[in-house]
Amino acid sequence: MKSQVSRSVAQNPNVPPESSTLGFMKISSLWSRKGNQPPWVLLVAAGIVAIAIALPLAYLVMRTASIESSELWELVSRRRTLQVLFNSAAMAVIVTLSCAAIAIPLAFLTLRTDLKWRRFWLIATTLPLAVPSYVGSFTLLSAFSPKGSLLQLLVEPLGVKELPSIYGWTGTILAMTLFTYPYLLLSVRAGLQGIDPALEEAARSLGKTPQQTFWQITLPQLRPALVGGGLLVALYSLRDFGTPSLMQFDAFTRIIYLQYRGSFDRHAAAASALMLVGLILLILWLENRVRTRAKYYSRGSGRFNQGSLRQSHSPHLVKLGFWQLPAQIFCTLVVSLSLVLPIGVTLFWLLRGWSNTEILPSLLPAVLNSVWASGIAALVAILFALPVAILSIRFPSRLSAILERTAYLGFGLPGIVVALSLVFFGANYVPWLYQTIPMLVFAYLVLFLPQAIGTLRSSLLQINPQLEESARILGKSQWSSFCQITLPLLRPGAIAGAMLVFLTAIKELPANLLLAPIGFETLAVQIWKATENVAFADAAAASLTILLVSLGSTLLLLSQEEGRGRDEVRSQKSEVRS
């Protein structure tokens, strides 16, 4: 079938999707109600998905609006609320600046210098992205907390009974920085690779020193990458629940949870959640203002020869010379704290508690629960993402754009906000669904569906619609052409999307804490509870399992990306030769 379709496309390479031939008109009429309008089934399915995703935020707004205005003002203007607002905003700013201080030198060292073992550092400095922040916070606490930590045990023979506290600002900023800087690093690396080397060569030919070239040419060109990566870091720090909770830092996510679970003050929790959403929207608005005003055209003729894939200018590698050793120490320090420390400390506590035979039996149910819930979420996310992706690619319109953007709404919301709004909604309107697996999976969908839509969307863009139309000419039904042509070609994107959803769902903490059925304990919840109880050995086994799953999934995704990249290069080379 595929060969027939390929021959058909090859014989008619210039046939447009909107062919005037009778066959194509028939196919078009089957795919749409009238002209290029999408079928009702697709519209209804995408509409249901969009409404479902928008439900938590809409209900949260309605819940807050039901509070008396005087009571709402009293809640918002409390000194403690303003202190939490300041803490959250300052945390986002400091973490972003700290990540920039690490990511910019690392990107420059691994791409533009003669740093030894560059390939190794290129991969090792990216892998902390796979470490969940609460696992990283657990390892920092188990290594440096005042009592019972690894460091305190080592110095105890010297008479040190208690170390300085790591809780609060210090631990939060350290943990957030160490485990979120890869977001900024990847963005800056992409920005550096996109800069035309001819610009820097021109600066040097005009007498600029390497330092002047970096500050006056390279760094300003990196501004869009810095803004984009900084936005990801800032949003992650505001949305994160695990690190502020474990480090006992009064950010919005921790306070919302305490207001709901500790004092049962649901009005205050709803008002705080909406304030957090407002802070995130403010940051998005500021980023949009900065991004839309900036115009940088760095991919010029100096990057590639016209009609060839061969680079005409390779970036000039800076000779480190005397700075080779400090650069190696810097890379070693970053990788040691962000990657070796989590793995090493986890193994230490695991081996220390190995004599306790109850560790592994108590871990197995949590592993099975995590894989079960995350696996269902990954499969359902792909099914829900399909109509939205097909609608946005095959039937672009204002309505399909609105439905797609609405489906992305949940991705910008913190997990604690989505979980809290679903708690309110479930307890009041669908109590039979409250604290069940379907409700937990629905929370995963709201939070992570955009990851599945994004990968499916990218794959659909690469599938020529003429393939589907040719299958219809050969007598295949609409459903058959979708199953036999589109779906097999869509499979790599679907697998990647499912893996992304699975990887992020298995690490999700707030939704599991508030929405999981009673007795349904996952790995994330087990780590959180064990760390709160200073039971480091109990938390180590669960942390190591999540680390292995995260690192394995990340490496698998990276290998898939490299494979796709090699296929694209081969395809481009064959096109150039032809």
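What you see is a predicted model, and the numbers here were worked out from it, not measured in a lab. (Residues numbered from 1 in each chain as written. Predicted model: local features only at pLDDT ≥ 70, side-chain atom pairs only at ≥ 80, totals over all residues. Heavy atoms only, no water.)

We now examine the overall build of the protein chain. For the protein chain, the helix and strand inventory stands at 25 helices and zero strands. Among the 578 residues that make up the protein chain, the fraction classed as buried is 49%. Partitioning the intrachain contacts of the protein chain with sequence separation of at least 6 by distance along the chain shows that 80% fall at a separation of at least 24. Accessible area of the protein chain: about 27900 Å², with a carbon and sulfur share of 65%. (Helix = DSSP H or I, 4+ residues; strand = E, 2+ residues; numbered from the N terminus. Buried < 20%, exposed > 50% of the residue type's maximum accessible area, 1.4 Å probe, protein only. Contact = heavy atoms within 4.5 Å. Areas by Shrake-Rupley, 256 points an atom, 1.4 Å probe, with all protein chains shown as cover.)

Okay, the packing of aromatic side chains next. For the structure shown, the criterion picks out 10 aromatic pairs. With a centroid separation of 5.2 Å and 65° between ring planes, the pair formed by Phe-241 and Tyr-257 is classed as edge-to-face. Here Tyr-257 lies in helix 14 (residues 252-261) and Phe-241 lies in the loop between helix 12 (223-239) and helix 13 (242-246), a separation of 16 residues in the sequence. Accessibility assignment for this pair places Phe-241 and Tyr-257 in one class, buried. (Phe/Tyr/Trp six-rings, centres within 6.5 Å; stacked < 30°, edge-to-face > 60°.)

Take the pattern of salt bridges next. In total, this model carries four salt bridges according to the counting rule given. For the salt bridge of Asp-250 with Arg-254, the shortest nitrogen-to-oxygen distance reads 2.6 Å. Of the charged contacts, one joins Lys-529 and Glu-521 as a salt bridge, the two residues approaching to 3.2 Å between their closest N and O atoms. With a relative accessible area of 39%, Lys-529 lands in the partly exposed category. (Salt bridge = Lys/Arg side-chain N within 4 Å of Asp/Glu carboxyl O.)

This part covers unusual backbone geometry. At Trp-117, a position not held by glycine, the phi torsion is positive, near 55°. Structurally, Trp-117 can be placed in the loop between helix 5 (79-112) and helix 6 (118-124). The backbone of Gln-435 sits at a positive phi, close to 55°, despite the residue not being glycine. Look at Gln-435 and you get partly exposed, because its relative accessible area is 22%.

Once that is clear, we can look at helix 11 (residues 210-221). The terminal C-alpha atoms of helix 11, which comprises 12 residues, lie 15 Å apart, in line with the 16 Å expected from a rise of 1.5 Å per residue. Residues of helix 11 that are buried: Thr-213, Phe-214 and Thr-218. The arc that holds the buried residues of helix 11, viewed along the axis, is 95°, so those residues lie on one side. In this structure, the buried residues of helix 11 make contact with helix 5, helix 9 (169-194) and helix 10 (197-205). (Expected span 1.5 Å × (residues − 1). Arc of directions from axis to C-beta.)

On the surface, Phe-86, Val-93, Ile-94, Leu-97 and Trp-169 cluster together to form a nonpolar patch covering roughly 490 Å² of accessible area. With four residues, the single largest contributor to the nonpolar patch is helix 5. Checked against the element boundaries, Trp-169 lands in helix 9. (Patch = residues over 30% accessible without salt bridge, like charges linked within 9 Å, V, L, I, M, F, W, Y side chains within 5 Å.)

In this structure, Ser-400 sits in helix 18 (residues 398-407). A polar contact of 3.2 Å, which involves the side chain of Ser-400, links it to the backbone oxygen of Phe-395. Discounting chain neighbours no more than four positions away, the residues touching Ser-400 are Leu-391, Ser-392 and Phe-395. (Polar contact = N/O pair within 3.5 Å; in protein donor to acceptor, adjacent residues only side chain to side chain.)

Moving on, we get to helix 20 (residues 437-461). With 25 residues, helix 20 ought to run about 36 Å at 1.5 Å a step, and its terminal C-alpha atoms sit 34 Å apart, in line with that. At Phe-448, helix 20 is deflected by roughly 60°, the largest bend along its length, and proline Pro-450 occurs up to four residues later in sequence. By the criterion of burial, helix 20 is predominantly enclosed, with 20 of the 25 residues buried. (Bend = angle between axes of the 7 residues up to and from the residue.)

To continue, consider the side chain of Ser-133. Along the chain, the position of Ser-133 falls in helix 7 (residues 133-144). Once residues within four sequence positions are removed from consideration, Ser-133 is found in contact with Tyr-236, Asp-240 and Thr-243.

As a further point, take the packing of helix 14 against helix 19 (residues 415-428). The relative placement of two packed helices is expressed as an angle between their axes plus a distance between the axes. The contact between helix 14 and helix 19 brings their axes to 10 Å, and the two run at 20°. The orientation of helix 14 with respect to helix 19, classified from their angle, is roughly parallel. In terms of crossing hand, the pair formed by helix 14 and helix 19 is left-handed. Two secondary-structure elements touch here, helix 14 through Thr-253, Ile-256, Tyr-257 and Tyr-260 and helix 19 through Ile-416, Val-417, Leu-420 and Val-423. When grouped by side-chain class, the residues that make up the contact of helix 14 with helix 19 number seven nonpolar, one polar and no charged. (Axes fitted to C-alpha atoms, helices over the stretch in contact; angles between N-to-C directions. Parallel < 35°, antiparallel > 145°, perpendicular 65-115°, else oblique. Left-handed = near helix turned anticlockwise from the far one by under 90°. Nonpolar A, V, L, I, M, F, W, Y, C, P; charged D, E, K, R; others polar.)

Let's shift gears to the environment of Leu-163. With respect to the helices, strands and loops of the structure, Leu-163 is situated in the loop between helix 8 (150-155) and helix 9. For Leu-163, a relative accessible area of 13% translates into the label buried. Once the C-alpha coordinates of Leu-163 and Ser-149 are considered, the two residues, 14 residues apart in sequence, prove to be 9.0 Å apart. Each residue touching Leu-163, except ones within four places of it in the same chain, is listed here: Phe-144, Ser-145, Pro-146, Ser-149, Leu-151, Gln-152 and Val-155.

Next up on the list: the environment of Ala-251. Counting through the fold element by element, Ala-251 comes out in the loop between helix 13 and helix 14. C-alpha separation for the pair Ala-251 and Ser-88, spaced 163 residues apart in sequence, amounts to 5.0 Å. When sequence neighbours within four positions are dropped, the list of residues in contact with Ala-251 reads Val-84, Ser-88, Met-91 and Pro-244.

So, about the confidence of the model for the protein chain. With 82% of its residues at a pLDDT of 70 or more, the protein chain has an overall mean of 78. Looking across the protein chain, the model is least confident in helix 2 (residues 22-31), with a mean pLDDT of 43, and most confident in helix 5, with 92. Low pLDDT (under 50) marks residues 299-312, which in the prediction has 24 contacts with non-local residues, meaning those over four places away or in another chain. (pLDDT = per-residue confidence, 0-100.)

Next up on the list: the packing of helix 21 (residues 465-473) against helix 22 (residues 478-507). Taken N-terminus to C-terminus, the directions of helix 21 and helix 22 make an angle of 145°; their axes are 9 Å apart at the nearest point. Handedness of the crossing formed by helix 21 with helix 22: right-handed. Where helix 21 approaches helix 22, its residues Leu-467, Glu-468, Ala-471 and Arg-472 are matched on the opposing element by Gln-478, Ser-481, Ile-485, Thr-486 and Leu-489. Grouping the constituent residues of the contact of helix 21 with helix 22 by class yields four nonpolar, three polar and two charged.

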